[in-house]
Amino acid sequence: MKHSKSFLSIVNDAKTRVKETDVPTVKKRMDSGEKFHLVDVREDSEWEKGHIPGAIHLGKGVIERDVETAIPEKDAAIILYCGGGFRSALSADNLQKMRYTNVLSMDGGWRGWTEAGHPTVKD
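Residues numbered from 1 in each chain as written. Predicted model: local features only at pLDDT ≥ 70, side-chain atom pairs only at ≥ 80, totals over all residues. Heavy atoms only, no water.

Student: Which parts of the structure should I look at to understand the overall build of the protein chain?
Tutor: Check the secondary structure of the protein chain and you find 6 helices and 5 strands. Its helices and strands taken in sequence order, the protein chain reads α-β-α-β-α-β-α-β-α-β-α from the N to the C terminus. Against the compact-globule benchmark of 14 Å for 123 residues, the protein chain has a radius of gyration of 13 Å, which places it among compact chains. Considering only C-alpha atoms, the protein chain reaches an extent of 35 × 35 × 25 Å along its principal axes. Split into buried and exposed, the 123 residues of the protein chain put 41% on the buried side. Considering only contacts in the protein chain between residues 6 or more positions apart, those separated by 24 or more positions represent 69%. (Helix = DSSP H or I, 4+ residues; strand = E, 2+ residues; numbered from the N terminus. Rg over C-alpha atoms; globule rule 2.2 N^0.38 Å. Buried < 20%, exposed > 50% of the residue type's maximum accessible area, 1.4 Å probe, protein only. Contact = heavy atoms within 4.5 Å.)

Student: Help me understand the packing of aromatic side chains, please; the structure alone is not making it clear to me.
Tutor: Each aromatic ring pair is described using two quantities: the centre-to-centre distance and the angle formed by the ring planes. Summed over all chains, the structure comprises 1 aromatic pair. Ring centres 6.1 Å apart and planes at 55 degrees place the aromatic pair phenylalanine 7 and phenylalanine 86 in the tilted group. Here phenylalanine 86 lies in helix α5 (residues 86–97) and phenylalanine 7 lies in helix α1 (residues 5–15), a separation of 79 residues in the sequence. On the basis of relative accessible area, phenylalanine 7 is assigned to the partly exposed category, the value being 22%. Its relative accessible area of 26% is what places phenylalanine 86 among the partly exposed residues. A cation over a ring is seen here: arginine 29 above phenylalanine 36, with NZ or CZ 5.1 Å from the ring centre. The ring of tryptophan 110 has arginine 42 sitting right over it, with the charged end atom 4.5 Å from the ring centre. (Phe/Tyr/Trp six-rings, centres within 6.5 Å; stacked < 30°, edge-to-face > 60°. Lys NZ or Arg CZ within 6 Å of the ring centre and 35° of its normal.)

Rendered as structure tokens:
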């Protein structure tokens, strides 16, 4: 997908403030049994086609509204992912503005996860 210059501009701005991780690191953390909240911020239709095992769905359109109910602890370890890492960076930026202190955006997102051949599930 080709992204507009304006969209890329706000993503790049957000990325100056958020910390990122990558697919291999997230997989390693999962395999080691580390506890963290894995949050899929993609659209409902994307989630329904498949998602990473153990993830919860808080789409980008509602995450700010619903995150405090789903994850009330502001210091909880949270890793966000989307299709490739752009929407998750925007969402991570907003969560930080809401005083969440341990938020990461997974660069590569769903696309990187599936291209690596990691497991997926459908509900």
